[in-house]
Amino acid sequence: CLNSSIGNVLNLGMRRGNDRFVAKALVQDFACLVPSSLIEVSNSLIHPLEYSVALYYNLPCSKGVFLASQGYMFKVAGIPAGSIIRQLGRFTILDIDDFQKAVVGHKNGERVSVRYTLLNSFGQMFQRSLIIDKLWFPFQRADRDDARGKWKYIPCEALNVSKPCFSNTLPRGTKPMLQNSKITPLSALVLVQFSMPIPIDGEYSEEKKLVESCVGVVVDAFWGLIICERYQVPSTLGDVKVVINGILSVRAVVVFVHPFQPFSVLKLETSDLENNLVELKVSQNAACIGDSYDYFGLSLKQSAIIQRGVCVTTSENVYMKTSPNKREAFVPKNFEYFVGTQATNGLGGVFLDPVNNSIRGFNFHFFRMDIVSGMQAYIVLPILEDIRLALNEKKPMSFNINTLGIQLDFKPLAVCIDSYGLTKEWTLKLLEAMDNYHRNILCVAVKLPSVDKLCENDIILAINGEPVVQLRDYHRLVENQPEVCATVLRNGEEVDVRGIETRSFSGDGTSHVLLFSGMVLQKPTIGVNFSFGAQLPSEIFVTHIYPGSPAAAAKMPKSGGFLLTEINGIKMKALDDILDTIHTLEHAGHLEILGISIRNGDTSSFKVVSDSELWPLREMFRDPTNGKWIVQTIFK
């Protein structure tokens, strides 16, 4: 009876207690009650509340939309999957059309308020602040085509991603937030929060870290330059939020990630904050044992920590992990750090010279949070000068570091004399170059295959004829030189090695990414080059596989970790090779993909059924002129 009455109104005789009455009801097809439209924005999935879910929780279907997949911007905002979005900014959300109008009505990067409820607590309203993201992922709507049995995807709007709208500017006539009487070194400390939309470099914002944010230090108020730790900001690809004085939240862009040192450089995206910024100058002098310092930092609850102490020890090699069990996540080791007398548990801070308040060290929690340890501050000066010069002359924001592709370790001087045959002559030369606290010699721990004139376990005695025992001397003699000469102790013999060519390492980090059939493809990281141990057969590294994608259906490992070498018998050497041959791939075509694991060197074959409609090829690359990322769909 009901199946033959679909679309008709039936009179239903009902009884409630002793009362009898007739109710009219429209007979609907159950298939029509299943959501037939959905919206994808910032990798999240939104659709109307499904009838069966609404029936189970006794909820109305016409009050809000259902957040089925959290995606990127909702995750950053802390809005869980399974929420019912009731209001977005100034728009009230009743159905999927209201949600589309709300997202279209707000610009990329605009901060809005979101009101939502949960399935099991529909009567309780929650509120969060959300930053609209239409840059990293497509903003599109899919409507079910029952005639074809497929979903039809339509872009919701044409977005000009080169001109995002960020709520950073202060209203005209706003007075500076800082009064001269309240300016202290603490005013130069800012809170930095970084989120990464695409899993690259073995890092991802979903992974657990020691803390969710870090302390940055304003070192140039005019240009808005901030130094922060590389552990929390490991890539130029991502969104950065900076909180100034605990009041003003502004956006920043990552302009530099040092390939071998544990720091990154940020630049605020506004030019009207100079009066609200306090900067600290960086000292050219290294912190030495016995030097006193004034420490200014922030605790885990962002309250001030002020201490006075003395540098009690220094070291030049630290073993730390930024991403456990991931060889693609490079672990920098060769930098100088020191330890103070006071212990604290905080987010970080700075060590200042008591005389002139210049920065002697940065307190970055790269491996410990319970001690006051500092990275030597003078190492940031060369790159700061390069960034200022590029900004003054309006040059591209792309920087390189020329150095040797090696990781260094230290061997005790006594061991080198007894076990490696270090001569008395070189012992005296090295002792003359050493300070009173260290008796170690540099040696090559691991190296890139391109450094063919040096061997692992080579003990470095001199570079360009100058004895070298400290990292600062090594960096001074090697960096930005086309080639160097070295005297090494190899197998008990002194060997003069000439013409060792340096290599250019980019400070942009990963600057080109492809999303292809659910695979995240990038150029191999420094960590991959070091761990592979041989010349890489391909410059295409698969760093992640999205669940539910064609690549995942082909049983590719979720964490990636292999080099892509062939597609359908065509050799692939670089990302551009995929872009050049993508036009030959037909929709839903079968792809034979060969890959080599970076962990054991085994070759594997995967059969992937491409889907250019649901998983199109998308290209992401960094614009060196302004340091921002551009995202575009190549093949659909």
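Rules used throughout
Residues numbered from 1 in each chain as written. Predicted model: local features only at pLDDT ≥ 70, side-chain atom pairs only at ≥ 80, totals over all residues. Heavy atoms only, no water. Helix = DSSP H or I, 4+ residues; strand = E, 2+ residues; numbered from the N terminus. Expected span 1.5 Å × (residues − 1). Buried < 20%, exposed > 50% of the residue type's maximum accessible area, 1.4 Å probe, protein only. Contact = heavy atoms within 4.5 Å. Polar contact = N/O pair within 3.5 Å; in protein donor to acceptor, adjacent residues only side chain to side chain. Pairing = 2+ DSSP bridges. Axes fitted to C-alpha atoms, helices over the stretch in contact; angles between N-to-C directions. pLDDT = per-residue confidence, 0-100. Core = buried A, V, L, I, M, F, W, Y, C linked by side-chain atoms within 4.5 Å. Phe/Tyr/Trp six-rings, centres within 6.5 Å; stacked < 30°, edge-to-face > 60°. Lys NZ or Arg CZ within 6 Å of the ring centre and 35° of its normal.

## Some thoughts on helix α5 (residues 381-392)
In an α-helix, one turn spans 3.6 residues; hence positions three or four apart end up facing the same way.
So, point 1. Taking 1.5 Å of rise per residue, 12 residues should cover 16 Å, and α5 covers 16 Å from first to last C-alpha, within 8% of that figure.
So, point 2. Of the residues making up α5, those classed as buried are L381, I383, L384, I387, R388, A390 and L391.
So, point 3. Against the buried residues of α5 lie β13 (214-220), β14 (225-229), β16 (248-257) and β17 (263-268).
So, point 4. Within two residues after α5, K394 carries a phi angle of roughly 55°, on the positive side.

## Overview of the side chain of S538
So, point 1. By the element assignment, S538 lies in the loop between α9 (526-532) and β35 (541-545).
So, point 2. By relative accessible area, S538 is classed as buried at 2%.
So, point 3. At 3.3 Å, the side chain of S538 and the backbone oxygen of M572 are in polar contact.
So, point 4. Excluding anything up to four places from it in sequence, S538 contacts P524, L563, L564, T565, M572 and K573.

## Remarks on the sheet that holds strand β15 (residues 239-244)
So, point 1. Sheet architecture is closed into a barrel: six strands sit in the order β12-β13-β14-β17-β16-β15, paired in antiparallel fashion. Put simply, the sheet's adjacent strands are angled 40° from each other on average, direction ignored.
So, point 2. As paired strands, β15 and β16 are joined by five bridges and run antiparallel to one another. Counterpart to V243 in the pairing with β16 is S249.
So, point 3. Taken strand by strand, α5 contacts β13, β14, β16 and β17, and its axis lies near 145° from that of β14.

## As for the pairing of strand β22 (residues 346-352)
So, point 1. Within β22, seven of the seven residues are buried, which leaves it mostly tucked inside the rest of the structure.
So, point 2. By the bridge criterion, four bridges tie β22 to strand β23 (residues 359-363) in an arrangement that is antiparallel. Paired with G349 across the bridge in β23 is N363.
So, point 3. In sequence, β22 turns back onto β23 through a hairpin of six residues, with N357 there showing a positive phi of about 60°.

## Thoughts on the confidence of the model for the protein chain
So, point 1. Summary statistics for the protein chain give a mean pLDDT of 83 and a share of 86% for residues scoring 70 or more.
So, point 2. Per-residue pLDDT stays below 50 along residues 159-181; that stretch engages in 41 contacts with residues further than four places along the chain or on separate chains.
So, point 3. For the stretch residues 366-370, pLDDT sits under 50, and the model shows 17 contacts to residues farther than four places along the chain or on other chains.

## Considerations on the nonpolar core
So, point 1. Formed by 41 residues in total, the largest nonpolar core has its most connected members in F263, I359, F362 and I387.
So, point 2. Here the element with the most residues in this core is α5; it accounts for six residues.
So, point 3. F263 has contacts with I227, C228, E229, R230, F256, V257, H258, F364, M375, I379, V380 and I383, leaving out every residue within four places of it along the chain.
So, point 4. Grouped together as the second largest cluster of nonpolar side chains are 35 residues, I200, V257, L266 and L268 included.

## Thoughts on the packing of aromatic side chains
So, point 1. In this structure the tally under the stated criterion is 10 aromatic pairs.
So, point 2. For the ring pair F256 and F263, a centre distance of 6.2 Å and an interplane angle of 40° mean the geometry is tilted.
So, point 3. The class for F256 is buried, based on a relative accessible area of 0%.
So, point 4. Taking relative accessible area as the criterion, F263 reaches 0% and is therefore assigned buried.
So, point 5. Plain terms: the ring middles of Y293 and F351 are 4.9 Å apart, the flat faces sit at 85° to each other, and that makes the pair edge-to-face. Taken as a pair, Y293 in strand β18 (residues 292-299) and F351 in strand β22 lie far apart in primary sequence, 58 residues in all. F351 shares its class with Y293; the two are buried.
So, point 6. Taken together, the ring pairs connect F256, F263 and F399 into an aromatic cluster.
So, point 7. Stacked on the ring of W426, the Lys or Arg K429 has its end atom at 4.6 Å from the ring centre.

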